[in-house]
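# Understanding the architecture of this molecule
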Amino acid sequence: GQQLNQSPQSMFIQEGEDVSMNCTSSSIFNTWLWYKQDPGEGPVLLIALYKAGELTSNGRLTAQFGITRKDSFLNISASIPSDVGIYFCAGGGADGLTFGKGTHLIIQP
Amino acid sequence: EPEVTQTPSHQVTQMGQEVILRCVPISNHLYFYWYRQILGQKVEFLVSFYNNEISEKSEIFDDQFSVERPDGSNFTLKIRSTKLEDSAMYFCASSDTRKGRPAVDYYYEQYFGPGTRLTVT
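Not measured: the values here are computed from a predicted model.

### A short note on the environment of Arg60 of chain A
All names here are of chain A. Inspection of the secondary structure assignment puts Arg60 in the loop between strand S6 (55–58) and strand S7 (61–65). Sequence-wise, Arg60 and Ser77 are 17 residues apart; in three dimensions their C-alpha atoms are separated by 5.3 Å. Ignoring any residue separated from it by four or fewer positions in sequence, one finds Arg60 in contact with Asn75, Ile76, Ser77, Ala78, Ser79, Ile80 and Asp83. A polar contact of 3.0 Å, which involves the side chain of Arg60, links it to the backbone oxygen of Ser77.

What follows is the structure, given as structure tokens:
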């Protein structure tokens, strides 16, 4: 099946710092999505991207669909404590959504 | 804001028993999905369902799994004879009408429920 490489695996940052994470794949995806998952809860959709090159913002979050359609990044500006959680990228293709392994974001006060 | 709901939140069952996990998708959504997440691992696609039939399924979704929309609101996942390795969080998701280029760009904004934690002993 299709595989997504998400990095970094975890991030330890100070409150107020900007965050950047990305996903790459050897396969082309038609859609890229970014989800956040809090412990014991389901993934919550943050941003959906549909066109190569598309750059979309949702508040302090910005995500881009790579030109090659094989990658995407998510940036979080001025992190706050409630940004803590696991962020998953997901690529949409023929086999449902394929999820990355997640980036665990930890914010130190 | 509409949301996907799932019951029960936690199900404990003995190996070999049948379990049914229930979901109520967002009311105007037409596409329904089941995913699972083994503890500490990524979310994995199981099956998608549209117009009362399975549209896609993964290798994980073997003959012991089945899905059903028994009425206008519920969407269920049945595991016929549970195994220890079926222990996981099971998430239901739903999405709205298709967008983008038909037959190509057909994965949409999927909204997930809170999950059912299945523990097989």
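### A few points about the sheet that holds strand S7 (residues 65–68) of chain B
Residues and elements named next belong to chain B. Ordered in space as S1-S3-S8-S7, the four strands form an open sheet in which the pairing is antiparallel. Edge positions in the open sheet fall to strand S1 (5–7) and S7, since each of these has one partner strand only. Averaged over all pairs of adjacent strands, the angle between strand axes in this sheet comes to 20°, irrespective of strand direction. Pairing geometry for S1 and strand S3 (residues 19–24), over three bridges, is antiparallel. Paired with Thr7 across the bridge in S3 is Arg22.

### Focus on the layout of surface pockets
The space that makes up the largest pocket amounts to roughly 530 Å³. Lining the largest pocket are 25 residues; nearest its centre among them are Ile86 and Phe88 of chain A together with Gln37, Gly40 and Gln41 of chain B. Elements that contribute at least two residues to the lining of the largest pocket include exactly strand S9 (85–93) and strand S11 (103–108) of chain A together with strand S9 (88–95) of chain B. With three residues, the top contributor of residues to the lining of the largest pocket is S9 of chain A.

Conventions and cut-offs
Residues numbered from 1 in each chain as written. Chains lettered and ligands numbered in written order. Predicted model: local features only at pLDDT ≥ 70, side-chain atom pairs only at ≥ 80, totals over all residues. Heavy atoms only, no water. Helix = DSSP H or I, 4+ residues; strand = E, 2+ residues; numbered from the N terminus. Contact = heavy atoms within 4.5 Å. Polar contact = N/O pair within 3.5 Å; in protein donor to acceptor, adjacent residues only side chain to side chain. Pairing = 2+ DSSP bridges. Axes fitted to C-alpha atoms, helices over the stretch in contact; angles between N-to-C directions. 1 Å grid on protein atoms, 1.4 Å probe; cavity = no way out; pocket = protein on both sides within 12 Å on 5 of 7 lines; lining within 4 Å. Points joined across faces, edges and corners; volume = space filled by probe spheres on them.

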